[in-house]
Amino acid sequence: MWWELARIMMREIVVRCDERGFDCHYSTIGDIYKVIFDYGDHMKKEHGIEYSPGTLETYLKKRKYN
Ligand SMILES: [Zn+2]
């Protein structure tokens, strides 16, 4: 099915809050756009910091490991 192929192509990635220097155990997994949305939402609600989606996307794409 096409969505299975799409799922393979959009590899799942993990973002952990502590990798960003926070003392926080939050993590989220999914394709890059889900992660950007979830993590941006978490940052705003839990840490009071607003990340623009572009900032997070750039960070995730630059990151060496995924
Ligand atoms: Zn956090």
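Here the structure is shown first, and the text comes after it.
Notes on the structure in this doc start here. (Residues numbered from 1 in each chain as written. Predicted model: local features only at pLDDT ≥ 70, side-chain atom pairs only at ≥ 80, totals over all residues.)

The next point concerns the nonpolar core. Val15, Val35, Ile36, Tyr39 and Leu56 form the largest nonpolar core, which has five residues in total. Ranked by residues supplied to this core, first place goes to helix α2 (residues 32-47) with three residues. Not counting the four nearest positions on each side in its chain, isoleucine 36 is found in contact with Pro53, Leu56 and Glu57. (Core = buried A, V, L, I, M, F, W, Y, C linked by C-beta atoms within 7 Å. Buried ≥ 20, exposed ≤ 12 C-beta atoms within 10 Å, placed from the backbone. Helix = DSSP H or I, 4+ residues; strand = E, 2+ residues; numbered from the N terminus. Contact = placed C-beta atoms within 7 Å.)

Glancing now at the packing of α2 against helix α3 (residues 53-62). Between α2 and α3, whose axes approach to 10 Å, the crossing angle comes to 125°. Here α2 lies oblique to α3, going by the angle between them. In this structure, the crossing between α2 and α3 has a hand that is right-handed. Contact with α2, carried on its side by Ile32, Val35, Ile36, Tyr39 and Gly40, involves Pro53, Leu56, Glu57 and Leu60 of α3 and no other residues of that element. (Axes fitted to C-alpha atoms, helices over the stretch in contact; angles between N-to-C directions. Parallel < 35°, antiparallel > 145°, perpendicular 65-115°, else oblique. Left-handed = near helix turned anticlockwise from the far one by under 90°.)

Once that is clear, we can look at α2. Here α2 is 16 residues long and its end C-alpha atoms lie 21 Å apart, about the 22 Å a rise of 1.5 Å per residue gives. Along α2, the residues that are buried comprise Val35, Ile36 and Tyr39. Projected down its long axis, α2 shows its buried positions confined to an angular sector of 100°, all on one face. In α2, those exposed residues whose orientation departs by more than 90 degrees from the buried face are Tyr33, Asp41, Lys44 and Lys45. If you follow the buried residues of α2, they end up packed against β1 (13-16), β2 (27-30) and α3. Count one or two residues on from α2 and you reach glycine 48, which has phi positive near 65°. (Expected span 1.5 Å × (residues − 1). Arc of directions from axis to C-beta.)

A separate point is the environment of serine 52. Examined against the element boundaries, serine 52 turns out to sit in the loop between α2 and α3. What makes serine 52 exposed here is the crowd of 10 C-beta atoms within 10 Å. Residues serine 52 and glycine 40, spaced 12 residues apart in sequence, show a C-alpha to C-alpha distance of 7.6 Å.

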